[in-house]
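Now for the letters of each chain:
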Amino acid sequence: MKMSMWKKTMISCLAFSLVAGGATSAFAAKPEWAGKPSTNKDNKHDRNDDDDRDDDDDVRGIHIEVNGKKVELTFRDVQNESAWALQYIAELVKRGVFTGYEDGSFRPNQKVTRIEAITAAVRQMGLRAQAESAAEMATELNFKDADKIEKKYPWAVGYVAVAVENDLFLETESEVKPEQPADRLWSTILLVKALGLEDEAKAKMNAELNFKDKKEIPAGAVGYVAVALEKGLVTGYENNTFRPNQPVTRAELAAILDRTGDQIPEDDSGFGQVTGTFTGYANGKATLTVNGKSVSYALASDVTVLRNNVLVDIDDLLPGDRVSAVVSNGTIIFLNVTQAAAVTDGQKTGAITKIDSNKLTITKDGVATEYTVKSDATIIRNNASATLSALRTGDQVTVIVSGGVIVHVNVTTAVSVTDGQKTGTVTAIGTNKLTLTKDGVATEYTVKSDAVIVRNNATVALSALKAGDQVTAVVAGGVIVHVLVTQPVAENGQATGVVSAVYADKIDLWNGSSSVTYAVETNATIVRNGVTVALNVVQPGDEVSVLLVNGKVLHLNVTDPVSDNNVGVYTVAGKYQSHRTSNGKVTQITISTVQSNGVVTRIYNVSPDAVVNGNALTLEKGETDVELLVTNQLVTLITIK
């Protein structure tokens, strides 16, 4: 079995592959969380049960089992000796790659031996069963120290054999040297080989390394170091040295592996890693914004949370924190804040773009920031004291932030809402808010508490309206007092339109004036170019006919596809309209394309690793032509014409 079986996971898998801490670590049993889902019973993080909260920050840690003994790792030795590596080590422990010792220590500065690293690498390559098979265990090793391995490390014979078969050793290595500490150069070569990058390494053997101690790197290893540097797998030191012969500690190896920068995406089984923005915590669940979508995850009862390299409680996170979460069976077991939300006190200005409960989103220069509004905050609108519900999307405001929350709001320019009759499509429904969209322009209105709402010839509550309903509304005094649904959105039967967005389990259809979101049944039949396909093959711009049952798509037929390409990778070209950025990277881009039933404007989520070809400074709304390469619903390449 060669590396091709796992090569596709590449760096993401290796980030957790080589680390082992003594014989116990190298052969640690599969952690309990990897085999069964958490029930969240008696979750100590439930805000409704403050008595269960652990208020002693000093005893926060991770419970593990070492040699059949339950141990709590508080990482005191890590914080004292290698605090910089805590975020890497804590995650590896939660994943079951690292473990500690019976005395509760982690020993971050202990050296990692070559046999430990080899064993862990083979296991993570998916070759454990092969390595422990009778055939591999009976292999007669050709190394000079084969007898030593067979006598002192009999369990490792199969692992060494499989490592040889998969080219993890250099051709010139005549000894395994199992007890020798794994140095930086040897670890680098092992990592590059395990990632299947040996051909690239051999092509760079004459590369010029700029380290002061480059002469200590053998000529036959230069290519491996060059590739590792190029891929971001390793770095040098501040004094421009590489230190190839320096032994690697448990803490250092954890950091080296984490520098791969790739992440394990959450898979269909609910296990993996997900990155996003923390937006809130309630009822035992954390809500993250991932690729533009809001996703809620249950928290394991022993979830480990790290913020600013300190073990904390989930309540210590702030909306806007960028996080990386390890997910097992759909439940978060580890959550690390990779970039803390920057909510500085002081005076802020901008336009209100979202109002939700006690939250206010203010956008300035294309950057949206969500703030919590203090319950007794002073709010001034139209020179009079007002409540949060009186604010409207579009209001220009000046706010004062103190202690990270808004304590004062002054509406400097109130959005103008003229009275009269309004028509459009319902695109959002809030507690007392209604957003109507007409000709691509969305307007949010406040709905009077005693407003009359008629749908299907019956008086109903605001919550009975559906996104996609065509309505005529009467506005008086700036608020809606009457709503008549002139054409209810189809919930059963057939609907047609142009696909404007595709998600994991839903689609947006453009009906000529606005987009309507429909959930797609997991067993829905989807036909494109005469072939049954998965939902992610459907492309924005496809003209479709859908069969709805109880508001969900049961059958979707693409009547006019935008391309003959029936894969989840496609290109789309149109006129640039706008884009949003976060931390200096483009997160969304909006373009307009011409379809048979008119111009369709769509928002595309952009991959964090997307490449931009062309000069972004030349972008002009409605004028610049752009082409997007979309891969599994994320833009991976933006070409500016």
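Scroll up to find the structure this text is about.
Residues numbered from 1 in each chain as written. Predicted model: local features only at pLDDT ≥ 70, side-chain atom pairs only at ≥ 80, totals over all residues. Heavy atoms only, no water.

Details of the environment of Val-176
Take Val-176: it is sitting in the loop between α9 (157–165) and α10 (184–194). The exposure class of Val-176 is buried, given its relative accessible area of 0%. Counting along the chain gives 33 residues from Val-176 to Phe-143, while the straight-line C-alpha distance between them is 6.7 Å. Excluding residues within four positions of it along the chain, Val-176 makes contact with Arg-114, Ile-115, Ile-118, Phe-143, Asp-145, Ile-149, Val-160 and Phe-169. (Helix = DSSP H or I, 4+ residues; strand = E, 2+ residues; numbered from the N terminus. Buried < 20%, exposed > 50% of the residue type's maximum accessible area, 1.4 Å probe, protein only. Contact = heavy atoms within 4.5 Å.)

Re a nonpolar patch on the surface
A cluster of nonpolar side chains, namely Leu-547, Val-549 and Leu-554, defines an oily patch on the protein surface of about 210 Å² accessible area. Take Leu-554: it is sitting in strand β26 (residues 552–560). Of the residues examined, Leu-554 reaches a relative accessible area of 36% and is grouped as partly exposed. (Patch = residues over 30% accessible without salt bridge, like charges linked within 9 Å, V, L, I, M, F, W, Y side chains within 5 Å. Areas by Shrake-Rupley, 256 points an atom, 1.4 Å probe, with all protein chains shown as cover. Salt bridge = Lys/Arg side-chain N within 4 Å of Asp/Glu carboxyl O.)

Topic: the environment of Tyr-88
On the secondary structure map, Tyr-88 appears in helix α4 (residues 86–95). Relative accessible area serves as the criterion here: at 19%, Tyr-88 is assigned to the buried category. Put simply, Tyr-88 and Asn-309 are 221 residues apart on the chain and 9.6 Å apart in space, counted from C-alpha to C-alpha.

Details of the pairing of strand β22 (residues 506–510)
In terms of burial, β22 is a largely internal element, 4 of the 5 residues being buried. Pairing geometry for strand β21 (residues 493–502) and β22, over 4 bridges, is antiparallel. Counted as the bridge partner of Ala-501 is Asp-508 from β22. Once β21 ends, the chain turns through 3 residues before running back antiparallel as β22. In terms of strand pairing, β22 meets strand β23 (residues 515–528) through 5 bridges, oriented antiparallel. Residue pairing for β23: Ile-507 is matched across the bridge by Tyr-518. (Pairing = 2+ DSSP bridges.)

A short note on the nonpolar core
In terms of nonpolar packing, the biggest core is built from 26 residues, with Ile-118, Val-122, Leu-141, Val-160, Phe-169 and Val-176 touching the most fellow members. Put simply, the parts of the chain that give this core at least two residues each are α5 (114–124), α8 (146–152), α9 and α10. Considering each element in turn, this core owes the most residues, 6 residues, to α9. Residues contacting Val-160, with those up to four places away along its chain left out, are Ile-115, Leu-141, Phe-143, Phe-169 and Val-176. (Core = buried A, V, L, I, M, F, W, Y, C linked by side-chain atoms within 4.5 Å.)

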